[in-house]
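Take a look at the letters that make up each chain.
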Amino acid sequence: MTQRASELSGKRHTDASGRGLTSAEVAERIARGEVNDVPVRSSRSLTEIVRANVFTRFNLIIGVLWVIMLSVAPIQDSLFGFVIVANTAIGIVQEWRAKKTLDSLAVIGESKPVVRRDGKAGEIHTSEIVLGDLVELGPGDKVVVDGTVAEADGLEIDESLLTGEADPVIKKAGDTVMSGSFVVAGGGAFTATKVGREAYAAQLAEEASRFTLVRSELRSGISTILKYITWMMVPTATALVISQLVVKEHNFKDSVARTVGGIVPMIPEGLVLLTSVAFAIGVVRLGRKQCLVQELPAIEGLARVDVVCLDKTGTLTEGGMDVTEVRALNGTDEPYLRRVLAAFGASDPRPNASLQAIIDAYPAPEDGGRRITGTLPFSSARKYSGAAFDEDGGASSAWLLGAPDVLLAEDDPALAEVEQLNEQGLRVLLLARTRGELDAPDAAEGAEPAALIVLEQRLRPDAGQTLAYFGEQRVATKVISGDNAVSVGAVAAKLGMEGADHPQDARRLPEDADEMATAMEQNAVFGRVTPQQKREMVAALQSRGHTVAMTGDGVNDVLALKDADIGVSMGSGSEATRAVAQIVLLNNSFATLPSVVAEGRRVIGNITRVATLFLTKTVYSVLLAVLVVCFQVEYPFLPRHLTLLSTLTIGVPAFFLALAPNKERAHPHFVRRVMRYAIPSGVIAAAATFVTYLVARHHYAGTGALDAETSAATLTLFLVSMWVLAIIARPYTWWRVCLVAAMGLAFLVVLAVPWLQDFFALKLVGAQMPWAAVGIAVVASAALEYAWRLVGRRFPV
């Protein structure tokens, strides 16, 4: 039994009515199949991965063309089909690796509910819960199955993930709780009434965290491009077929081969695949750093973020704290204070970090201490908790523990002490005795201050470097905390955060959304922020066009995490925060975030690069087909020629470029940016190639003329395509230069080795025409440089 479960079992529920199921009853229910058998993750199965990678629109088109080519032409004209098979296999393997990484990390980060059986509380896997189990709840716990409340101690449950209603619902014995909701305050236990697939809300929760490859600007942009390409491809391919088979009246098999040679390169078949592979490899890389990416596009999303909202506790500071001092107020006896604090700590079976520090400093006596007569769970909205217990003489006393600036009057002299301590980065709680009922709305009014408890927070050693990284990357950071603003500012200042010297008290922020957005943009540190305000702050920043990431680990962060563009949760955080976050840092290290940002930038920047390569080919292929139809000439290329060109100028280089390091900041409007470069590049490549082809038709005559014309046109197209590759490969590094050089050398080998000449039907005839082809390519390359620079000047990023 874990320490947490042991505490729960020892401190609560010793009566026979709350003992839970017996081992025999559990075994009986398991035998009947009444088990919560919902899968831990709903990531795609191997069958679904294979289906998604194989049965695509473009694979279908290419598959049909491949079958046709196998029946009418030599095997070298069918190489494009083998390339598709290899690419698809790579996609399946990479996504399967990503799935295994995700699933293994999900198991590591899985929260285990506490279930009471045979009168003892113990942690079990969610899938082991059976019908009728008594499941215990505490702050931050997610309700994992449907049930009926059996015990409630100030239990407040947030059902916003199910109903959209943000206000917590107070639950009493007999009330229903639904899977997908979570506890925001108090505790209790419920009896499972629906488990497994009968719990409809559980199915919704699983669906919400589904492994997905969609919902990203990158992928939606590629889908848009492919849709337009399909519209262009159908009429162009139809006209090409008619031109080659009917008008020119060539040999049937040769005409079919050249027709297919014109259609295949129009399809950017590897672009979608390469995007999936890049995302999947990103997941695997981050998985090695104990970062669970619940949705693949979250990698892309965080790379686009320009504002990161940080919760101080658990993000900038470690979860644990230490009591450094207890200052008695109003002449309170110190030994008596120690007994009160020990009793207060013993009143809560699930203490938060602050109360745990008090428990560590003032443990309960071995005899159990004073009898607890009432408790008030901590609430982020109230900013305090409470406990009532018997005194030595038999009388009862009630106490509150919470924020001094909430519990004290504005003119109380103790606030000056608190302010000084906060300026040192120390956290201060007030212990006060109340005369009224704990759960009364005005319980804090008139409470008699007894002591200030001074806590020291442990700064994360890597937090300062991470904040500096975001500053260098021009990503604004906002610290949003429920703690005192001065204290939060002091902590941020210790980490070297810009703007930490002007902390803002959120209670004084304007309620108007536009004015709040202005305050958010002008300031960096905010204290005394309520959970609802965190949500409003995120919305205010988004209203100004910012892409917002929110980090947190507490239940009070859930609403803001859910509304942010990207939610990031700590692995040690509550189950609720992990459920709504797209990214979970299982190692609880804030320093992992730069790796996620870098991975996203690598994916976006590199896919933008290689998309330009693929779409340049599509543009010049469509234009060449149109020119062939308009001029009523033979299509210059066989499939083997374009397979060779695509492999050397796109396929192999794109794979390496897509996985290379890239720190370029992500920019919006993916489709527009790619097409601005792909269209002029494709037009120039098509024009240069067709000019070479027409010149060669006038230069060569007789038997074998078409082969010579094709070889000259292929040389020009290769050189122009290589120049496009050389531009995209910038800025040059040693391996990029080697990559471009290797592709050029491979083409020279094909031209120089006789059997490769025969295999690819490439043989340069004479000297005049090949050099003319090179000259045309040089002019086209100069035009490419001018076009790219013109686009860069007219449409700056």
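Residues numbered from 1 in each chain as written. Predicted model: local features only at pLDDT ≥ 70, side-chain atom pairs only at ≥ 80, totals over all residues. Heavy atoms only, no water.

Judged by which residues are buried, strand β9 (residues 307-310) turns out to be covered on both faces: Val307 and Cys309 on one side and Val308 and Leu310 on the other are all buried. Note: β9 against strand β19 (residues 548-552), three bridges, orientation parallel. Within β19, the position partnered with Cys309 by the bridge is Met550. Here four bridges tie β9 to strand β16 (residues 476-480), and the two strands are oriented parallel to one another. Across the sheet, the residue bridging to Leu310 is Val479, located in β16. (Buried < 20%, exposed > 50% of the residue type's maximum accessible area, 1.4 Å probe, protein only. Helix = DSSP H or I, 4+ residues; strand = E, 2+ residues; numbered from the N terminus. Pairing = 2+ DSSP bridges.)

Structurally, Val603 is set in helix α22 (residues 593-631). Val603 sits in the buried class, given a relative accessible area of 0%.

By secondary structure assignment, the location of Ile170 is in strand β5 (residues 169-170). Of the residues examined, Ile170 reaches a relative accessible area of 58% and is grouped as exposed. Separated by 13 residues in sequence, Ile170 and Ile157 have C-alpha atoms that sit 6.4 Å apart. When neighbours within four sequence positions are excluded, Ile170 is seen to be in contact with Leu155, Glu156 and Asp175. (Contact = heavy atoms within 4.5 Å.)

A few words on the packing of α22 against helix α24 (residues 670-699). Direction vectors running N to C along α22 and α24 enclose 40 degrees, while the axes themselves pass 7 Å from each other. Between α22 and α24, the angle is such that the two are oblique. As α22 packs across α24, the resulting crossing turns out to be right-handed. Of the residues in the contact of α22 with α24, the class split is 21 nonpolar, six polar and one charged. (Axes fitted to C-alpha atoms, helices over the stretch in contact; angles between N-to-C directions. Parallel < 35°, antiparallel > 145°, perpendicular 65-115°, else oblique. Left-handed = near helix turned anticlockwise from the far one by under 90°. Nonpolar A, V, L, I, M, F, W, Y, C, P; charged D, E, K, R; others polar.)

Phe80, Val610 and Phe747 are the most contacted members of the largest nonpolar core, which has 88 residues in total. Each residue touching Val610, except ones within four places of it in the same chain, is listed here: Leu274, Ala654, Leu657 and Ala658. Counting residues in hydrophobic clusters, the runner-up holds 34 residues, among them Ile299, Leu316, Ala463 and Tyr469. (Core = buried A, V, L, I, M, F, W, Y, C linked by side-chain atoms within 4.5 Å.)

Another aspect to go through is empty space enclosed by the protein. Scanning the model with the defined rule gives two cavities of 30 Å³ or more in all. Here the second largest cavity defines a volume of roughly 60 Å³. What lines the second largest cavity is simply Leu613, Thr616, Lys617, Tyr620, Thr649, Ile650, Ser721 and Val724. Contributions of two or more residues to the lining of the second largest cavity are made by α22, α23 (639-658) and α25 (705-728). Here the lining of the second largest cavity gets four residues from one element, more than from any other, and that element is α22. Tallied by class, residues from the lining of the second largest cavity come to four nonpolar, three polar and one charged. (1 Å grid on protein atoms, 1.4 Å probe; cavity = no way out; pocket = protein on both sides within 12 Å on 5 of 7 lines; lining within 4 Å. Points joined across faces, edges and corners; volume = space filled by probe spheres on them.)

In total, this model carries ten aromatic pairs according to the counting rule given. Arranged with centres 5.4 Å apart and planes meeting at 70 degrees, the rings of Tyr228 and Trp231 form a pair that is edge-to-face. Here the residue Tyr228 and the residue Trp231 both occupy positions in helix α8 (residues 217-247), the gap between them amounting to three residues, near one helical turn. By relative accessible area, which is 44% here, Tyr228 ends up partly exposed. Among the residues examined, Trp231 registers a relative accessible area of 56% and is labelled exposed. Plain terms: the ring middles of Phe655 and Phe656 are 6.1 Å apart, the flat faces sit at 85 degrees to each other, and that makes the pair edge-to-face. Judged by relative accessible area, Phe655 falls into the partly exposed class, the value being 30%. Residue class for Phe656 comes out partly exposed when judged on its relative accessible area of 44%. Through a chain of ring-to-ring contacts, three or more aromatic side chains come together here, namely Phe631, Phe690 and Tyr693. (Phe/Tyr/Trp six-rings, centres within 6.5 Å; stacked < 30°, edge-to-face > 60°.)

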